[in-house]
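Structural features, examined
Okay, here's what each chain looks like letter by letter:
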Number of protein chains: 4
Amino acid sequence: MFTKQEKIKFRHIDYAGIVFYPRFLEMLNDLVEDWFEEALNRPFAKMHETSGIPTVDLKIQFKNAARLGEVLTKKLWVKDLGFASMLCGFQFFNETGLTVLEGEVTLVNVSINPDKKGIKAEPFSEEMKEKISNYMLPS
Amino acid sequence: MFTKQEKIKFRHIDYAGIVFYPRFLEMLNDLVEDWFEEALNRPFAKMHETSGIPTVDLKIQFKNAARLGEVLTKKLWVKDLGFASMLCGFQFFNETGLTVLEGEVTLVNVSINPDKKGIKAEPFSEEMKEKISNYMLPS
Amino acid sequence: MFTKQEKIKFRHIDYAGIVFYPRFLEMLNDLVEDWFEEALNRPFAKMHETSGIPTVDLKIQFKNAARLGEVLTKKLWVKDLGFASMLCGFQFFNETGLTVLEGEVTLVNVSINPDKKGIKAEPFSEEMKEKISNYMLPS
Amino acid sequence: MFTKQEKIKFRHIDYAGIVFYPRFLEMLNDLVEDWFEEALNRPFAKMHETSGIPTVDLKIQFKNAARLGEVLTKKLWVKDLGFASMLCGFQFFNETGLTVLEGEVTLVNVSINPDKKGIKAEPFSEEMKEKISNYMLPS
C-alpha cells in the first residue's frame, strides 16, 4: 500500500471545527499525485502536458470527524487494473487508529490534445502496468 | 426536485482546463446549503450554531468534463428519508443537456455541543420531515 | 464602478465563523472575471486560450469580519490605466453598509504561448482601453 | 527568519499552469500557522478555542510564476511588534533562487467569545512578545 501523512491545517476545517469534506478530496488528489510521482515515476508536472488521469467514479464513506492539528495517515492500493483504467481503494486513519474515511476511486488514463479540447482513454503502457501491479492487493 | 444553476468560474478549473473534481463537491455543498435555506427553512447561518448536517456517504460518477464559462444546472431530490438521516440523489447537467455528474449522498441530522466536541445524531422534527418529503421521488 | 453581489456560503468560513481571508481573494478574482466578461467583452473562457490578466500587486485591508449568510456588495473601479497594466480599486460592503475590505490590485495584460511556458506583457488594444476607461474614477 | 518548504501541487495551479494567487494566501496562512505551532508554542488547534490572530492588512507583490512540482521556500520574519499586533514580512523563493512573491502582513491578537460573536484585540503576553522578538529583523 502507498502511504503518506498529512496534518490537518486551519484551511481544511469548517465552522463546526472539523474538516470540510471537499478538502478530504483535495487530500485524496494529493495522495494520488504523490503516488504517481514517487512510486509510478509519472510526476504530474510532466504528465499533464500531454495526458491525465481523471477521476470517473468515487465512493467514499466518512466514518469519523478529523480536527485541526491531527495527523492523518492516508493509504492507497489497487483493487483492479484494466486496459486504460484502475480501481483504487483508499483509507485515512487518525493517530488513535480510527478510520476517518474509506472508499474507492476509478481513475482513467487519458491523452489530451495540445488544444485541450480532445480527451480520450489510452491503454496503460506495459511499464506502467507493472509498476501499478506492485500496489495490487488481493480483494 | 430542487434546482439551481452555477456558472463555472476560473477558480474551479485545473491545468487541463476542466473543473477540478473537489470543486464539484463544493458546488454540491452549495446546492444542499441552498436547499436547506430556500426550501427547508433551515439556513446554515442559523443551523450551524447548534446543529449540522454532515455528509457520511457519497457516491459520484463523473460523466462529462465541465469547462470555464459553462452554466451547470444542479438538481437534488430525496430517495429515502430515515429517522435522523436521508439519502439524496443529485445530477448536474450542462447547457447541451449532457450529464456532467450524478450520484447520491447520505446526510445525517446532528446536534453539536457548544464546546464543538460532541456531535450526535438527532431525529428530524415532524416539520422538517414534511418539508423534506416534498422533494421525495419514487425510486 | 462595476458592482456584483455575493452571498457568504459555508465553504467560505473558518473555525471562527468568519470568512477565511484567502476566500476573499477568490471572491475578488470572481469580480475581475465578471467584469471582463460582462463589461469588457473578454470572457475568461475565450481569453485564457492565448492570453491572461495575472495579478502582480495586491494591497488589501480587512476592516470587518463577514459571516455565513451575509450578502456582500463588491465594487471595482480603475485608478490608473497604463500600456499593458492597470491599477484597480475595490471595496466589499455588507448589508449594513460597513466596509468589509478594501484595497487595490495591479493587473497585467499578457500573452501566453501555446506551450504555456512563455508569458509576456502585451499592450491593451485601443478597444480595450476605451472600455476600461469607462470604469475610471478620478483619484 | 522562520522557514518552511512547500511543494506546488495540482490543486494549486490554474488553467495557465501556474499557481492561482488565492492559493498563495493559503500557503501564507499555513506558514503563519506553522510558525505559531513550531516557534511560538501556540498551536492553532488550541488557540482557536478562545482566541485568534486575524489578518487585517496585507501587501503582496507577485514577482515570478510558480509551476506544478516546484518546491518553494517560504520565509517569515517580524518587522514591528506592537501591543496587540505585529507586522510580518514574508518572501517565497523557488529552487533557482528567484523570488516568487514578497510582502507584508499585519496580524492582530484577539480574544473570541465562546458564542463566536464578539472579537476584540488583546495585548500579547510577555512570554509571547519574547518569543516573537526572536524573529525580529532590523528593518
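A brief report on the enclosed structure follows. (Residues numbered from 1 in each chain as written. Chains lettered and ligands numbered in written order. Predicted model: local features only at pLDDT ≥ 70, side-chain atom pairs only at ≥ 80, totals over all residues. Heavy atoms only, no water.)

Each helix and strand counted, chain A has 3 helices and 8 strands in total. In sequence order, chain A lays out its α and β elements as β-α-α-β-β-β-β-β-β-β-α. Here the C-alpha radius of gyration of chain A, 16 Å, is about what a compact globule of 139 residues would show, namely 14 Å. In terms of its C-alpha atoms, chain A occupies a principal-axis envelope of roughly 45 × 35 × 25 Å. (Helix = DSSP H or I, 4+ residues; strand = E, 2+ residues; numbered from the N terminus. Rg over C-alpha atoms; globule rule 2.2 N^0.38 Å.)

All right, on to the relation of the copies chain C and chain D then. With an axial shift of 0.0 Å and an RMSD of 0.0 Å, the rotation relating chain C to chain D amounts to 180 degrees. As the rotation angle and translation indicate, the two copies are arranged about a two-fold axis. For chain C, the minimum C-alpha distance to the rotation axis belongs to K59 of chain C and amounts to 2.2 Å. Take the interface residues of chain C: 100% of them recur as interface residues in chain D, which is what a same-surface contact looks like. (Least-squares fit on C-alpha atoms with pLDDT ≥ 70 in both. Contact = heavy atoms within 4.5 Å.)

This part covers the sheet that holds strand β3 (residues 55–62) of chain B. In a beta sheet, neighbouring strands are held together by backbone hydrogen bonds and run either parallel or antiparallel to one another. Strand order in the open sheet formed by 10 strands is β1(A)-β4(A)-β5(A)-β6(A)-β3(A)-β3(B)-β6(B)-β5(B)-β4(B)-β1(B), and the pairing between neighbours is antiparallel. Where the open sheet ends on each side, the last strands, each with one partner, are β1 (2–7) of chain A together with β1 (2–7) of chain B. Across the sheet, the mean angle from the axis of one strand to that of its neighbour is 20 degrees, orientation sign disregarded. Across 8 bridges, the pairing between strand β4 (residues 71–81) of chain A and strand β5 (residues 85–93) of chain A is antiparallel. Each residue of the ladder has a partner; that of K75 of chain A, found in β5 of chain A, is Q91 of chain A. Here helix α1 (residues 21–38) of chain A sits on the sheet in contact with β1, β3 (55–62), β4, β5 and β6 (99–108) of chain A together with β3 of chain B, set at roughly 65 degrees to β4 of chain A. The sheet contacts of helix α1 (residues 21–38) of chain B involve β3 of chain A together with β1, β3, β4 (71–81), β5 (85–93) and β6 (99–108) of chain B, and relative to β4 of chain B the element is tilted by about 65 degrees. (Pairing = 2+ DSSP bridges. Axes fitted to C-alpha atoms, helices over the stretch in contact; angles between N-to-C directions.)

So, on to the interface of chain C and chain D. Across the boundary between the two partners, chain C contributes 26 residues, which contact 26 residues of chain D. Between chain C and chain D, a total of about 2600 Å² is buried, with carbon and sulfur atoms accounting for 58% of that surface. Taken together, the links from chain C to chain D amount to 2 salt bridges. Across the pair R23 of chain D and E26 of chain C runs a salt bridge whose closest N-O atoms are separated by 2.9 Å. (Buried area = accessible area lost by both parts, 1.4 Å probe. Salt bridge = Lys/Arg side-chain N within 4 Å of Asp/Glu carboxyl O.)

To continue, consider the nonpolar core. Of all hydrophobic cores here, the largest spans 165 residues; its most connected members are W35 of chain A, W35 of chain B, W35 of chain C together with W35 of chain D. In contact with W35 of chain D, not counting residues within four places along its chain, are F2, L40, L76, V78, M86, C88, I132 and Y135 of chain D. (Core = buried A, V, L, I, M, F, W, Y, C linked by side-chain atoms within 4.5 Å. Buried < 20%, exposed > 50% of the residue type's maximum accessible area, 1.4 Å probe, protein only.)

Attention shifts here to the pattern of salt bridges. A pair can form between side chains of opposite charge whenever their charged atoms are brought close. Evaluated as defined, the whole model comprises 46 salt bridges over all chains. A salt bridge links K9 of chain A to D34 of chain D; the nearest nitrogen and oxygen atoms lie 2.4 Å apart. Here K9 of chain A is found in the loop between β1 and α1, whereas its partner D34 of chain D is found in helix α1 (residues 21–38) on a different chain. A salt bridge links K4 of chain B to E38 of chain B; the nearest nitrogen and oxygen atoms lie 2.9 Å apart.

Before going further, it helps to examine the packing of α1 of chain A against α1 of chain B. At a closest axis distance of 9 Å, the pairing of α1 of chain A and α1 of chain B adopts a crossing angle of 170 degrees. Classified by the angle their axes make, α1 of chain A and α1 of chain B are roughly antiparallel. Of α1 of chain B, the residues touching α1 of chain A (which contributes Y21, P22, R23, L25, E26, L28 and N29 of chain A) are Y21, P22, R23, L25, E26, L28 and N29 of chain B. Looking at the contact of α1 of chain A with α1 of chain B residue by residue, the classes come out as 8 nonpolar, 2 polar and 4 charged. (Parallel < 35°, antiparallel > 145°, perpendicular 65-115°, else oblique. Nonpolar A, V, L, I, M, F, W, Y, C, P; charged D, E, K, R; others polar.)

The next subject is the interface of chain B and chain A. Contact residues are listed per partner, giving 26 residues for chain B and 26 residues for chain A. The junction of chain B with chain A conceals about 2600 Å² of combined surface from both sides, 58% of it contributed by carbon and sulfur atoms. For the interface between chain B and chain A, the tally reads 8 residue pairs in polar contact (both at pLDDT 80 or more). Contributing elements (two or more residues each) for the side of chain B that touches chain A: α1 and β3 of chain B. In terms of residues, the side of chain B that touches chain A owes the most to one element, β3 of chain B, which gives 8 residues. For the side of chain B that touches chain A, the residue count by class is 14 nonpolar, 4 polar and 8 charged. As judged from the 5 bridges shared by β3 of chain A and β3 of chain B, these two strands associate in the antiparallel manner. In the sheet register, K59 of chain A faces β3 of chain B, and the bridge partner there is K59 of chain B. (Polar contact = N/O pair within 3.5 Å; in protein donor to acceptor, adjacent residues only side chain to side chain.)

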